[in-house]
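One letter stands for each residue in the lines below.
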Amino acid sequence: MEFVKKLEGNDVYFLEVIGDKILVNYNYSGILVFDRELCLLETIEIMDDFIIESSVKRGQEILFICPENKSFVYFNLVGYHYKIISMVGWEDWIFSPLFQWEGDKILLSDYKGRLAQLDLEREEICEVIPSGKEGILQQRQKLNDFVVEKMFAEDRRAVVESEDGDLELIDYTEEICSIICLPKGDFHDFELQGASVTEIGEEFVLETNLETNECQEYAPEEGYCYLRGKYMAAGQQTFLFLLSSDMADNGVARIERHLL
């Protein structure tokens with residue numbers, strides 16, 4: 001383990017990497033921003049009872065999707081600017097990882113194949129009738145025959161469950177192409193970066209090098225369980241950040257930084 005940051009008095013459940021910054025939730029009121037050395041840069045207070053269900057990102061920008069708050073929250077790391085956009089009337093939409101972000105407009109897709117466009121400048125959302133040419137829907141259609149565990153839309157790759165129940169990383173850029181069979185276990189999340197794929201479970205994390213098929217296993221500190229993992233590419237270096245929580249006290253968490 002290269003470096004550890006312990007967080008106390010904060011029920012951390014969210015972890016994201018944007019560029020060379022790490023974002024975690026600040027209890028249920030906002031966001032903490034750290035640098036890659038895990039030094040705190042900024043505390044952003046957003047709203048009371050702030051709960052992030054999912055998010056999408058582009059460059060230095062991120063959109064938090066918060067149906068329990070009936071809100072979208074747009075956040076820009078340049079200047080730490082944010083805005084809250086009403087989600088009233090859209091709370092029953094469960095948005096998928098597929099999105100298209102161009103300028104101030106974000107095209108979002110839900111798991112039923114519906115499309116909605118969020119206008120950040122006008123701060124409004126409207127439903128879009130699919131034309132059949134939307135790239136994000138075409139991506140999803142390629143995977144209709146699979147049980148999809150995690151999609152990596154930018155890379156056109158996905159972790160899927162095969163017919164015999166095994167986990168497999170596939171490429172769906174053109175035709176479906178198997179990249180590697182993954183060890184199966186009690187995993188709840190997956191991450192991909194270049195030649196590495198990581199499977200995240202509460203009791204251990206398994207990182208596999210796609211070029212050498214070598215595996216590296218990480219175990220949490222005693223009394224902790226892993227929640228999330230994210231990669232950071234910084235120049236010639238790649239880091240894996242792992243978030244774990246104290247099982248006896250959800251107000252205590254750890255962020256580990258591993259150099260791959």
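Residues numbered from 1 in each chain as written. Predicted model: local features only at pLDDT ≥ 70, side-chain atom pairs only at ≥ 80, totals over all residues. Heavy atoms only, no water.

Asker: Just to check I follow, could you spell out the overall build of the chain for this structure?
Answerer: Looking only at helices and strands, one finds one helix and 24 strands in the chain. The globule rule puts the C-alpha radius of gyration for 260 residues at 18 Å, and the 19 Å found for the chain is close to it. With respect to the principal axes defined by its C-alpha atoms, the chain has extents near 50 × 45 × 35 Å. Going through the 260 residues of the chain one by one, you find that 49% of them count as buried. Element-wise, carbon and sulfur atoms account for 44% of the exposed surface of the chain, whose accessible area totals about 13,000 Å². When the 23 positive and 52 negative side-chain charges of the chain are each reduced to one mean point, those points stand 5 Å apart. (Helix = DSSP H or I, 4+ residues; strand = E, 2+ residues; numbered from the N terminus. Rg over C-alpha atoms; globule rule 2.2 N^0.38 Å. Buried < 20%, exposed > 50% of the residue type's maximum accessible area, 1.4 Å probe, protein only. Areas by Shrake-Rupley, 256 points an atom, 1.4 Å probe, with all protein chains shown as cover. Lys, Arg positive; Asp, Glu negative; His and termini not counted. Charge placed at Lys NZ, Arg CZ, Asp CG, Glu CD.)

Asker: Sorry if this is basic, but what is going on with the sheet that holds strand S13 (residues 124-128) here?
Answerer: Strand pairing in a sheet is mediated by backbone hydrogen bonds. Such pairs are either parallel or antiparallel. Taken together, four strands build an open sheet; the order of strands is S10-S11-S12-S13 and the sheet is antiparallel. Of all the strands in the sheet, the pair left with one neighbour each is strand S10 (95-102) and S13. Between one strand axis and the next, the sheet turns through 25° on average, direction left out of account. Inspection of the sheet shows strand S11 (residues 105-110) paired to strand S12 (residues 115-119) by five bridges, in the antiparallel sense. In the strand pairing of S12, Lys-105 is matched with Asp-119. (Pairing = 2+ DSSP bridges. Axes fitted to C-alpha atoms, helices over the stretch in contact; angles between N-to-C directions.)

Asker: Help me understand the pattern of salt bridges, please; the structure alone is not making it clear to me.
Answerer: Enumeration according to the criterion identifies 16 salt bridges in this entry. Notably, a salt bridge pairs Asp-110 with Arg-114, separated by 2.7 Å at the nearest N-O pair. Classification of Arg-114 by relative accessible area gives partly exposed; the value is 23%. Connected through shared salt-bridge partners, Glu-16, Lys-57, Lys-150, Asp-189, Glu-191 and Lys-230 make up one network. (Salt bridge = Lys/Arg side-chain N within 4 Å of Asp/Glu carboxyl O.)

Asker: In this structure, what is going on with the packing of aromatic side chains? I would like to understand it.
Answerer: Here a ring pair, both rings aromatic, is described through the centre-centre distance and the interplanar angle of the planes. Counted according to the given criterion, the structure contains eleven aromatic pairs. The interplanar angle of 35° and the centroid separation of 5.8 Å between the aromatic rings of Trp-93 and Phe-95 together place this pair among those described as tilted. Neither residue differs from the other here; Trp-93 and Phe-95 are each classed as buried. Ring geometry for Phe-187 versus Phe-204: centroids 5.3 Å apart, planes at 70°, classification edge-to-face. Highlighted residues: Phe-187 in the loop between strand S17 (177-182) and strand S18 (189-193) and Phe-204 in the loop between strand S19 (196-200) and strand S20 (205-209), separated in sequence by 17 residues. Here the aromatic residues Phe-72, Trp-90, Trp-93 and Phe-95 are joined through ring pairs into a cluster of three or more. The lysine or arginine in question, Arg-254, covers the ring of Tyr-224, its NZ or CZ lying 5.4 Å from the ring centre. (Phe/Tyr/Trp six-rings, centres within 6.5 Å; stacked < 30°, edge-to-face > 60°. Lys NZ or Arg CZ within 6 Å of the ring centre and 35° of its normal.)

Asker: Explanation requested: the confidence of the model for the chain in the structure shown.
Answerer: Predicted coordinates in areas of low pLDDT are best not read in detail. When pLDDT is averaged along the chain, the result is 91, and 98% of the positions lie at 70 or above. When mean pLDDT is compared element by element in the chain, strand S2 (residues 15-18) scores highest at 97, while helix H1 (residues 135-142) scores lowest at 74. (pLDDT = per-residue confidence, 0-100.)

Asker: What exactly am I supposed to notice about unusual backbone geometry here?
Answerer: Note: most peptide bonds trans; most residues except glycine with negative phi. Positive phi, normally seen in glycine, also occurs at Lys-70, with a value near 55°. By the secondary structure assignment, Lys-70 is in the loop between strand S7 (61-66) and strand S8 (71-76). For Glu-123, which is not a glycine, the phi torsion comes out positive at approximately 60°. With respect to the secondary-structure elements, Glu-123 resides in the loop between S12 and S13.

Asker: Quick question: what am I supposed to make of the environment of Asn-69 here?
Answerer: Among the secondary structure elements, Asn-69 is positioned in the loop between S7 and S8. According to the relative accessible area criterion, Asn-69 is buried, its value standing at 16%. Distance from Asn-69 to Asp-49, taken between C-alpha atoms, is 7.4 Å for residues 20 residues apart in sequence. The residues contacting Asn-69, other than those within four sequence positions of it, are Met-47, Asp-48, Asp-49, Phe-50 and Ile-51. (Contact = heavy atoms within 4.5 Å.)

Asker: I would appreciate a short explanation of the environment of Lys-142 in the present structure.
Answerer: Within the secondary structure, Lys-142 sits in helix H1. Each C-alpha atom of the pair Lys-142 and Asp-35 lies 37 Å from the other, and the pair is 107 residues apart in sequence. Once residues within four sequence positions are removed from consideration, Lys-142 is found in contact with Tyr-172, Thr-173, Glu-174 and Ile-176. One polar contact links the side chain of Lys-142 to the main-chain carbonyl oxygen of Thr-173, over a distance of 2.9 Å. Among the polar contacts made by the side chain of Lys-142, one reaches the main-chain carbonyl oxygen of Glu-174 at a distance of 3.2 Å. (Polar contact = N/O pair within 3.5 Å; in protein donor to acceptor, adjacent residues only side chain to side chain.)

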